[in-house]
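Reading the structure
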Amino acid sequence: MSMLWGFITDFFTYETTKSVVVKSWSVGIINRVVQLLIIIYFVCWVFLHEKAYQVKDSGIESSVMTKVKGFGYHNNRVMDVADYVAPTQGAAVFCIITKLIVTEKQFQGFCPESEVKYECETDEDCDKHLGSFLGNGIITGACVNSSEGGRCEMEGWCPAENDKVIMQPMMEVENFTIFIKNSIRFPMFNVTRGNFPSSLNTTYIRSCTYDPEHNRHCPIFKVGDVLRYTGQNFSTIAQTGGEIGINIEWECNLDESEERCQPHYSFTRLDAVFQKNAISQGYNFRFAKYYKTENGMKNRTDFRTLHKAYAIRFDILVTGLAGKFNTVPTLINLVAAFTSVGLGTVLCDIILLNFLKGADQYKAKKFEEVSESQIQILLSRESCSQLSVKAEEKISDDSGAVSLYLDQQL
């Protein structure tokens, strides 16, 4: 019962601030240094670097168009853009094929599998593969002879693909160029920008290639340069394929001229995390071209040419952030700055209450309990108008503030 009553009396209490002026050089210096650091932080970092006085728009609207140019030799053929770029629409994600493994004249039917894991001597050896979807077709369960010995029979497009063929990549890809056309809009401010500089003309566009120091606004990128910016070796990535990200970052301060709102390009290997994994390295995909035989209109038979393509996939990634002065965030951060200056007082209180020799004296002056009975006694005394002051303390000029001299106790 006493604990409950103590809780009730403690709950219905009121605390008010009591000012104690501490005459200490060390504590005073700590207080001012902390306040100065807080002010420097808000001025230099929050307001100047982070521009907290601005309202920000990160909901960028973007459109990207790409175009690749270049010619190369692959498998004794001259390859142009229509042969090695997929898809052909010039989208923000596209592939440049570096190596093709072609399986020609595939017809629907029955034929032996091509992979070693489907070797067999009897039909029983193929039963374990029934229902498997990891081959080139549906396993029938029969063991048939092939040019490489016994193989499990499959139903599908025949002859089965053999993707273990050694094929040299198209080395000219390193000199191909990528043209990027990017337009963006910040809807909050209704500001529209493009990645072409105002000085762009026909002569410049025909001769420039992107360089981070000398031509950082040129929208034409050499494939070999992009790979070098990401730290990749072209010979390696041409064999296995890979994924490269071209990042276009728009960071615009709209308190300045809109002409200064220019893109910043950066490059990264997006599938770098998988290069240490021996299971699935690089990037490849398959596509087919379909035909019909000319053996009469009623007996025309479909066949196809299958391509397994190893390619460098490019992803154009666009991000943006625009800011402009606004009263609301300015006032919010000013209030936060003024409030944070008070952290110096909190730190000094911790020092005074815990680490100084005069901590007990400071506690006695900072925290004082006054009950209603004490107030009644004081009011009943005629001499309560003036409180006696001990020799070691004095009433300061500030109303309700008590000054303590602690330098001799440090």
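Relevant structure appears above.
In this report, the structure presented in the accompanying data block is examined. (Residues numbered from 1 in each chain as written. Predicted model: local features only at pLDDT ≥ 70, side-chain atom pairs only at ≥ 80, totals over all residues. Heavy atoms only, no water.)

**A word on unusual backbone geometry**
Following A86, the chain continues to P87 via a peptide bond in cis, the omega torsion being -10 degrees. The amide bond that connects C158 to the next residue, P159, takes the cis arrangement and shows omega of 0 degrees. Structurally, the position occupied by P159 is in the loop between β9 (149–158) and β10 (177–186). At N76, a position not held by glycine, the phi torsion is positive, near 65 degrees. Phi at N190 is positive, roughly 55 degrees, even though this residue is not glycine. (Helix = DSSP H or I, 4+ residues; strand = E, 2+ residues; numbered from the N terminus.)

**Details of a positive patch on the surface**
Together, K67, K69, K181 and R206 make up a region of like positive charge exposed at the surface. Mapped onto the secondary structure, K67 falls in strand β3 (residues 61–69). (Patch = residues over 30% accessible without salt bridge, like charges linked within 9 Å, V, L, I, M, F, W, Y side chains within 5 Å. Areas by Shrake-Rupley, 256 points an atom, 1.4 Å probe, with all protein chains shown as cover. Salt bridge = Lys/Arg side-chain N within 4 Å of Asp/Glu carboxyl O. Lys, Arg positive; Asp, Glu negative; His and termini not counted. Charge placed at Lys NZ, Arg CZ, Asp CG, Glu CD.)

**What to know about helix α10 (residues 359–366)**
Those residues of α10 not exposed but buried are A359, Y362 and K365. Relative to the axis of α10, the buried residues are bounded by an arc of 130 degrees and lie together on one face. (Buried < 20%, exposed > 50% of the residue type's maximum accessible area, 1.4 Å probe, protein only. Arc of directions from axis to C-beta.)

**Side note on the state of the cysteines**
Scanning all chains against the criterion turns up five disulfides. Paired through a disulfide, C126 and C152 show a sulfur-sulfur distance of 2.2 Å. Its S-S torsion of about -100 degrees marks the bond between C126 and C152 as left-handed, since a negative value means left-handed. You can see C126 sitting in helix α4 (residues 124–127) and its partner C152 sitting in strand β9, a full 26 residues away along the chain. (Disulfide = S-S within 2.5 Å.)

**Quick word on the environment of I96**
Mapped onto the elements, I96 comes out in strand β7 (residues 93–112). The spatial distance from the C-alpha of I96 to the C-alpha of A309 is 9.4 Å, given a sequence separation of 213 residues. Setting aside its immediate chain neighbours within four residues, I96 contacts V68, Y84, V173, F176, I178, V223, A311, I312 and F314. (Contact = heavy atoms within 4.5 Å.)

**What to know about the pattern of salt bridges**
A complete count under the given rule lists 15 salt bridges for this structure. Between R185 and E61 there is a salt bridge, with the nearest N and O atoms lying 3.0 Å from each other. One end of the pair, R185, is in strand β10; the other, E61, is in strand β3, and 124 residues separate them in sequence. Salt-bridge contacts for K292 lead to D302; the nearest nitrogen and oxygen are separated by 2.4 Å. Here K292, found in strand β15 (residues 284–292), pairs with D302, found in strand β16 (residues 302–325); they are 10 residues apart in sequence, far enough to count as distant.

**Section: the nonpolar core**
Residues Y84, I96 and F314 are the most contacted members of the largest nonpolar core, which totals 45 residues. When residues of this core are traced back to their parent elements, those giving at least two are β3, β7, β10, α6 (223–229), α7 (234–240), β13 (242–253), β14 (263–269) and β16. Of the residues forming this core, the biggest block, six residues, is contributed by β16. The contact partners of F314, leaving out residues within four places of it in the chain, are A92, V93, F94, I96, I178, V223, V226, I244 and I246. Counting 10 residues, the second-largest nonpolar core is a separate cluster that includes I139, C143, C152 and A160. (Core = buried A, V, L, I, M, F, W, Y, C linked by side-chain atoms within 4.5 Å.)

**Concerning the packing of aromatic side chains**
Applying the stated criterion to the full structure yields 17 aromatic pairs. Their ring planes at 80 degrees and their centres at 5.2 Å tell us that Y41 and F42 sit as a pair that is edge-to-face. With relative accessibility at 44%, the residue Y41 sits in the partly exposed group. Owing to a relative accessible area of 10%, F42 belongs among the buried residues under this scheme. Ring centres of Y210 and F267 lie 5.7 Å apart, and the angle between their planes is 65 degrees; on these two criteria the pair is classed as edge-to-face. (Phe/Tyr/Trp six-rings, centres within 6.5 Å; stacked < 30°, edge-to-face > 60°.)

**Things to note about helix α8 (residues 327–341)**
The terminal C-alpha atoms of α8 lie 21 Å apart, and with 15 residues this matches the ideal 21 Å at 1.5 Å per residue to within 8%. Buried within α8 are the following residues: P329, T330, N333, A337, S340 and V341. Along α8, the residues classed as buried sweep out an arc of 110 degrees about the axis, all on the same side. Exposed residues lying more than 90 degrees from the buried face of α8 are V328, I332, V335, F338 and T339. Of the surrounding secondary structure, the elements contacted by the buried residues of α8 are α2 (25–49), β2 (54–57), β16 and α9 (343–354). (Expected span 1.5 Å × (residues − 1).)

**Side note on the packing of α9 against α10**
Contact geometry for α9 and α10: axes closest at 6 Å, N-to-C directions at 120 degrees. The pairing of α9 with α10 is recorded here as oblique in orientation. Contacts from D349, L352, L353 and N354 of α9 reach α10 at A359, Y362, K363 and K366. (Axes fitted to C-alpha atoms, helices over the stretch in contact; angles between N-to-C directions. Parallel < 35°, antiparallel > 145°, perpendicular 65-115°, else oblique.)

**Considering the packing of α2 against α8**
As a packed pair, α2 and α8 sit with axes 9 Å apart at the nearest point and diverge in direction by 160 degrees. By the angle between their axes, α2 is roughly antiparallel relative to α8. Judged by the sense of rotation from one axis to the other, the crossing of α2 with α8 is right-handed. Across the interface between the two elements, Q35, I38, I39, F42, V46 and F47 of α2 pack against T330, N333, L334, A336, A337, S340 and V341 of α8. Looking at the contact of α2 with α8 residue by residue, the classes come out as nine nonpolar, four polar and no charged. (Left-handed = near helix turned anticlockwise from the far one by under 90°. Nonpolar A, V, L, I, M, F, W, Y, C, P; charged D, E, K, R; others polar.)

**So, the side chain of T66**
Here T66 lies in strand β3. Classification of T66 as buried rests on a relative accessible area of 6%. Setting aside its immediate chain neighbours within four residues, T66 contacts G90, A91, F94, F179, I180 and I316.

Purely geometric numbers; function is a separate question.
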